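# Structural overview
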Amino acid sequence: MEWLYMHMPISGVNIFWPGLVLIGFSVGVIGGFFGMGGAWMVTPGLNILGFPMAFAIGTDMAHIAGKSMISTVRHSKFGNVDYKLGIVMLAGTMVGIEIGAQIVMWLERIGLVGSVVRWVYVGFLALIAWMVFYDYAKAVGKKKKGLTDGEHGTEGVTWYKTLHKINIPPMMHFPHAGITCSAWLPIMVSMVTGMLAGFLGIGGGLLRMPALIYLIGCPTHISVGTDLFEVMISGLYGAFTFAMKGRIEMVAVFVMLTGAAIGAQIGTIATKYAKGYGIRVAFGLAVLACMVSIILKQFKFNAPAAVIILGAIAAICLWIMKIMFQGAAQELREKKAGAGQA
Amino acid sequence: MRKRMWKLLPLILALPAVLPGLAWAAGGKAADLVVVADTRVLTNSVLYYFADVYNMNPTLNAVWAVVLTAIYGSFLGFFMDFLMSRTGLDLKSRKIVEH
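Read on for an overview of the structure. (Residues numbered from 1 in each chain as written. Chains lettered and ligands numbered in written order. Predicted model: local features only at pLDDT ≥ 70, side-chain atom pairs only at ≥ 80, totals over all residues. Heavy atoms only, no water.)

### Quick notes on the overall build of chain A
Put simply, the rule is: Secondary structure elements follow DSSP: runs of H or I of four or more residues count as helices, runs of E of two or more count as strands, with numbering from the N terminus. Burial classification: accessible surface area is computed with a 1.4 Å probe over protein chains only, and a residue below 20% of its type maximum counts as buried, one above 50% as exposed, and the rest as partly exposed. Contacts are assigned to residue pairs with any non-hydrogen atoms lying within 4.5 Å of each other.
Scanning chain A for helices and strands turns up 12 helices and 4 strands. Considered along the principal axes of its C-alpha atoms, chain A spans approximately 60 × 60 × 35 Å. Within chain A, the fraction of its 342 residues that count as buried is 58%. If you take every contact in chain A between residues at least 6 apart in sequence, the share linking residues at least 24 apart comes to 75%.

As structure tokens, then:
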């Protein structure tokens, strides 16, 4: 069975390469569906395969950049990427990340960084999960009463409507997202999410995707595509800095990207057959799994933490694949029936 | 033109100040650890070249990492798009329904 192991030229370890393909595939499916990089899934996976931790994060970062590129191409064809909004937000994200990193350095100096960062992370994950499920419950209630909010159907939380009333120039129109608001709204929102990302040491898709929906008012599908565009750019920069530090194993990146190429198609096309709230609720469940896993890790239950993360990844991945294959089969059947009638 | 410049001003002002910060967001500060790739065991000339660049020139190694990731990512993106367009699925339009 030696052929199932591949020699990594930089780190010098032999890695079970089908495992790398599987990680790439799963993260491609989940990332393409939710619009995030998925570092929280890849890093523990690489570690379990035997990758030295020093290389796991950097390798993960380069893989996320390439994978987001594949998903962005597909989302862009669907019209799910608002490039104008993405570029405006990029400015805020970068400033925010720098501020977050400065706060972390200050916490490092006073010796509090580890526990504070972890518990703030857990707090924010709990907040996001609450927001998603509260929004869903509200939307279900409104739908039962027959209330709708516009062209996209019923919405639960509409905080963005209040924020759109802020009238500070320059006002900007974002055509794909279909919103007009003060340019300062996306800049400030992305600055805050960037600050949290910098503070928590994560890519930020986990925070930016719900912020795009609830605070900026993007439809769910546009939030997913636009967020992936941002992840792609920040991932490429991350790849550069980690490569400078010698923390990237490019052979592993290429193997994972091959799996991600197929996974990203499935995840991205599945968004076509899913309703916005289906994506939001599954995202909430993924966030919950991530939160439970971090809490378990905090109390040194490393094995159960890995089981929860990997179990959640497998379950969500299978669910997304089911949506995609059922939807595609239905579409092809309808096309065939239409052609038969003609 | 002036209107467009005004719209882009926040972006232009923000860019130079922030790039180094992304390193942290990319996953935290790595420990000061020096890893040397063992080129003696490599027989493949391409792998040998990249392992050698890794040992000798970190900047070139970083440039290669970004360029190769971008090229392979876009290649796979467009190649998969070509393959998927042959499945008969409509991959250019979708209906946004929230609930």
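### Quick word on the overall build of chain B
Stated precisely, the cut-off is as follows: With residues, only the protein chains shown are counted as cover, and all accessible areas are computed by Shrake-Rupley using a 1.4 Å probe.
Summing up its helical and strand segments, chain B has 4 helices and 0 strands in all. Relative to its full complement of 99 residues, chain B shows a buried share of 34%. As presented, chain B carries roughly 6400 Å² of accessible surface, and 67% of it is formed by carbon and sulfur atoms.

### Quick word on the environment of V13 of chain A
All names here are of chain A. One can find V13 in the loop between strand 1 (5–7) and strand 2 (14–16). Residue classification places V13 among the partly exposed residues on the basis of a relative accessible area of 24%. Between the alpha carbons of V13 and N80 there is a distance of 40 Å; along the sequence they are 67 residues apart.

### Examining unusual backbone geometry
The general pattern is negative phi for most residues beyond glycine and trans for most peptide bonds. In this structure, P170 of chain A follows P169 of chain A across a cis peptide bond, with omega equal to 0°. You can see P170 of chain A is positioned in the loop between helix 6 (159–163) and strand 3 (171–174).

### Some points on the side chain of S11 of chain A
Residues and elements named next belong to chain A. With respect to the element layout, S11 can be found in the loop between strand 1 and strand 2. Classification of S11 by relative accessible area gives buried; the value is 17%. Apart from the residues within four sequence positions on either side, S11 is in contact with P52, F55 and E249.

### Points about the packing of helix 8 (residues 205–216) of chain A against helix 11 (residues 276–298) of chain A
Residue and element names in this part refer to chain A. Heads up, the rule is: The convention used is that axes are lines fitted to C-alpha atoms, helices contributing only their stretch in contact, and that angles between N-to-C directions extend from 0 to 180 degrees. Note on convention: near helix rotated counterclockwise from far helix by under a right angle means a left-handed crossing. Clockwise means right-handed. We call Asp, Glu, Lys and Arg charged. Ala, Val, Leu, Ile, Met, Phe, Trp, Tyr, Cys and Pro are nonpolar, and the rest, Gly among them, are polar.
Contact pair helix 8 / helix 11: the axes reach a minimum separation of 12 Å and the direction vectors enclose 145°. As helix 8 packs across helix 11, the resulting crossing turns out to be left-handed. Touching L206, M209, P210, I213 and Y214 of helix 8 are I279, R280, F283 and V287, all from helix 11. For the contact of helix 8 with helix 11, the per-class residue count stands at 8 nonpolar, no polar and 1 charged.

### Section: the interface of chain A and chain B
The following threshold applies: Buried area, as used here, totals the accessible surface that two parts lose on assembly, with accessibility defined by a 1.4 Å probe and the loss added over both. Any carboxyl oxygen of Asp or Glu within 4 Å of a side-chain nitrogen of Lys or Arg constitutes a salt bridge here.
In this complex, chain A contributes 82 residues to the contact, which on the side of chain B involves 64 residues. Together, the buried faces of chain A and chain B total about 6300 Å²; carbon and sulfur atoms form 70% of this surface. Contact with chain B buries surface across chain A, with I10, M94 and Y237 of chain A losing the most and accounting together for 9% of the total. A salt bridge links D81 of chain B to R74 of chain A, with the nearest nitrogen and oxygen atoms 2.9 Å apart. In terms of residue class, the side of chain A that touches chain B is built from 52 nonpolar, 18 polar and 12 charged.

### Some details on helix 4 (residues 83–109) of chain A
Residues lying three or four places apart along an α-helix face the same way, a consequence of the helix completing one turn every 3.6 residues. Applicable threshold: The length a helix should cover is 1.5 Å for every residue beyond the first.
Across its 27 residues, helix 4 of chain A extends 39 Å between first and last C-alpha, which sits within 8% of the 39 Å expected from 1.5 Å per residue. G111 of chain A lies just past helix 4 of chain A and shows a positive phi near 75°.

### Considering helix 3 (residues 53–78) of chain A
Residues and elements named next belong to chain A. The end-to-end C-alpha distance of helix 3 is 37 Å, a good match for the 38 Å that 26 residues give at a rise of 1.5 Å each. Among the 26 residues in helix 3, 21 count as buried, and that is most of the element. Looking one or two residues past helix 3, G79 carries a phi angle of roughly 85°, positive in sign.

### Comments concerning a nonpolar patch on the surface
For the record, the criterion: For patches, a residue must show more than 30% relative accessible area and have no salt bridge; joins then use 9 Å for like charges and 5 Å for nonpolar side chains, namely Val, Leu, Ile, Met, Phe, Trp and Tyr.
A contiguous nonpolar surface patch, about 420 Å² in accessible area, is contributed by I99, I103, W106, I110 and L112 of chain A. Along the chain, W106 of chain A falls in helix 4.

### Regarding the environment of I202 of chain A
Residues and elements named next belong to chain A. Relative to the helices and strands, I202 resides in the loop between helix 7 (184–200) and helix 8. For I202, a relative accessible area of 13% corresponds to the buried category. Put simply, I202 and A39 are 163 residues apart on the chain and 7.4 Å apart in space, counted from C-alpha to C-alpha.

### What to know about the pairing of strand 4 (residues 179–182) of chain A
Residues and elements named next belong to chain A. Going by this rule: Criterion used throughout: strands pair if DSSP finds at least two bridges between them.
In this structure, strand 3 lies alongside strand 4, joined through 4 bridges in antiparallel fashion. Directly across from F174, in strand 4, lies its bridge partner I179. Connecting the antiparallel pair strand 3 and strand 4 is a turn made up of 4 residues, with G178 showing a positive phi of about 70°.

### Quick word on the nonpolar core
Generally speaking, soluble globular proteins have nonpolar side chains that are buried together. Which entries qualify depends on this criterion: Residues belong to a common nonpolar core when they are buried Ala, Val, Leu, Ile, Met, Phe, Trp, Tyr or Cys residues joined through side-chain atoms within 4.5 Å.
By size, the foremost hydrophobic cluster in this structure holds 74 residues, and its most contacted members are L20, F34 and F283 of chain A. Leave out the neighbours within four places in its chain, and F283 of chain A touches F34, M36, I128, V132, L206, M209 and P210 of chain A.

### Observations concerning the pattern of salt bridges
Counted by the stated rule, this structure contains 7 salt bridges over all chains. One salt bridge connects D81 of chain B with K77 of chain A, and the closest N-O pair in it is separated by 2.5 Å. Taken together, the positions of D81 of chain B in helix 4 (residues 58–84) and K77 of chain A in helix 3 put the pair across two chains. Under the relative-accessibility criterion, D81 of chain B is labelled buried at 13%.

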